[in-house]
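What follows is each chain in one-letter form.
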Amino acid sequence: MPPSPVIRVSGIRKTYGRLVAVDDVSLDVLEGEIFGLIGPNGAGKTTTMECVEGFRKPDRGTISVLSLDPVRDIYALQHRIGVQLQAAQLQKRITVWEAIDLWASLYPRTMDAEELLSGLGLAEKRDAWFMTLSGGQKQRLFIALALINDPEIVFLDELTTGLDPQARRTIWELVRGIRERGKTVFLTTHLMEEAERLCDRVAIIDHGRIIDIDTPERLIRRHCPECTVVLTTADGAAAEHFRGIPGLVQVAADGERFTLRGQGDDFISEVIQCLSERRMRVSDFRTLLPSLEDVFLRLTGHSIRD
């Protein structure tokens, strides 16, 4: 039996004066998955998440989280979800352990705090002030605070923004660990690589509207089916040989460097077979596969960084 939705969002709209932040957004999040809401800054990701968390009330539409209304049933729901906010901050001189202890006191049921800090690599920082922590350590602390009540769903909003690549990858492993504990993760990000590596499914949002929802692999296959092979060969008949490759869309030559674009799951294999059959010597061979950022560019017409 497939997993059931633990979050249902149907046709929500949220405006601020004349600004339409979220416009007719619908999505389901399945139990036990990492679901990503992705798009550029200002696309409506945080507003959508805050409506799902119960921090904002949509102007219209319905939301169900664990079969509860996040606004009407907020007090019943808050013990079952964990939330990390995009612009979270703590007092400068609160220690890691004091923060964990304070958050734990707010809930009737909590995880083992020592075990949680150890699992997040913060055991040695338990007596450190918040202001002395690095960016990655602060984010790990916020994850700890979101997990302290042993929630069924964890919300993470732009978790790795501003972190260096090493700290970002550490956070990714921690998020995967949350799912392995049987939790559902709903995250927002404007980093397409993050979504592609972390999420089981993603919803692409732009200008407040959902463009498409699926696994990263299926989104790429559906919207960017072409792949590219770049190779270097001195074979004078190379261009002629390449034009006979099944699935070839375009071949471009720059001296001895050839760029081949094609479609189909077997396109790269067909290129290799052509090289083998024609006994063509190759000094360089690279494949360039499309990414979620390519999908976003094709669907919206502009870069994710705009």
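Structure's up top.
### Thoughts on the nonpolar core
Burial of nonpolar side chains together is a common tendency in soluble globular proteins. If you look at the biggest cluster of nonpolar residues, it comprises 49 residues, and the most contacted ones within it are Leu90, Ile100, Leu141, Ile143, Val175 and Leu187. Per-element accounting of this core gives the leading share, seven residues, to helix 5 (residues 135–147). For leucine 141, the residues in contact, after removing those within four places along its chain, are Leu90, Val96, Ile100, Leu122, Phe130 and Leu133.

### Section: the packing of aromatic side chains
In the structure shown here, the tally under the stated rule is four aromatic pairs. Aromatic pair phenylalanine 155 and phenylalanine 186: ring centres 5.8 Å apart, planes at 55 degrees, arrangement tilted. With phenylalanine 155 in strand 6 (residues 153–157) and phenylalanine 186 in strand 7 (residues 184–189), the pair connects residues that are 31 residues apart, well separated along the chain. Given a relative accessible area of 0%, phenylalanine 155 falls into the buried group. A relative accessible area of 0% means that phenylalanine 186 is categorised as buried. Ring plane angle 75 degrees and centroid distance 5.4 Å describe the contact between phenylalanine 242 and phenylalanine 258, whose orientation is recorded as edge-to-face. On the criterion of sequence distance, the pair formed by phenylalanine 242 in helix 9 (residues 238–242) and phenylalanine 258 in strand 12 (residues 257–263) is long-range, its members being 16 residues apart. Directly above the aromatic system of tryptophan 129 lies the positively charged group of arginine 93, at a separation of 5.1 Å from the ring centroid. Arginine 126 extends its terminal NZ or CZ atom over the ring of tryptophan 97, reaching a point 4.4 Å from the ring centre.

### A closer look at the packing of helix 5 against helix 6 (residues 165–180)
Where helix 5 contacts helix 6, the axes come no closer than 10 Å and their chain directions differ by 15 degrees. The angle between helix 5 and helix 6 places the two elements in the roughly parallel class. By crossing handedness, the relation of helix 5 to helix 6 is classed as right-handed. Contact with helix 5, carried on its side by Gly136, Gln139, Arg140, Ile143 and Leu147, involves Ala167, Ile171, Leu174 and Ile178 of helix 6 and no other residues of that element. A breakdown of the residues in the contact of helix 5 with helix 6 according to their chemical character gives six nonpolar, two polar and one charged.

### Topic: empty space enclosed by the protein
Applying the stated criterion to the full structure yields one cavity of 30 Å³ or more. The volume enclosed by the largest cavity comes to roughly 40 Å³. Together, Leu156, Leu159, Thr160, Ile171, Trp172, Val175, Leu187, Thr188, Glu194 and Leu198 line the largest cavity. Listing elements by their share of the lining of the largest cavity, those giving two or more residues are helix 6, strand 7 and helix 7 (192–198). At three residues, helix 6 tops the list of elements feeding residues into the lining of the largest cavity. Residues belonging to the lining of the largest cavity are distributed by class as follows: seven nonpolar, two polar and one charged.

Procedures and definitions
Residues numbered from 1 in each chain as written. Predicted model: local features only at pLDDT ≥ 70, side-chain atom pairs only at ≥ 80, totals over all residues. Heavy atoms only, no water. Core = buried A, V, L, I, M, F, W, Y, C linked by side-chain atoms within 4.5 Å. Buried < 20%, exposed > 50% of the residue type's maximum accessible area, 1.4 Å probe, protein only. Helix = DSSP H or I, 4+ residues; strand = E, 2+ residues; numbered from the N terminus. Contact = heavy atoms within 4.5 Å. Phe/Tyr/Trp six-rings, centres within 6.5 Å; stacked < 30°, edge-to-face > 60°. Lys NZ or Arg CZ within 6 Å of the ring centre and 35° of its normal. Axes fitted to C-alpha atoms, helices over the stretch in contact; angles between N-to-C directions. Parallel < 35°, antiparallel > 145°, perpendicular 65-115°, else oblique. Left-handed = near helix turned anticlockwise from the far one by under 90°. Nonpolar A, V, L, I, M, F, W, Y, C, P; charged D, E, K, R; others polar. 1 Å grid on protein atoms, 1.4 Å probe; cavity = no way out; pocket = protein on both sides within 12 Å on 5 of 7 lines; lining within 4 Å. Points joined across faces, edges and corners; volume = space filled by probe spheres on them.

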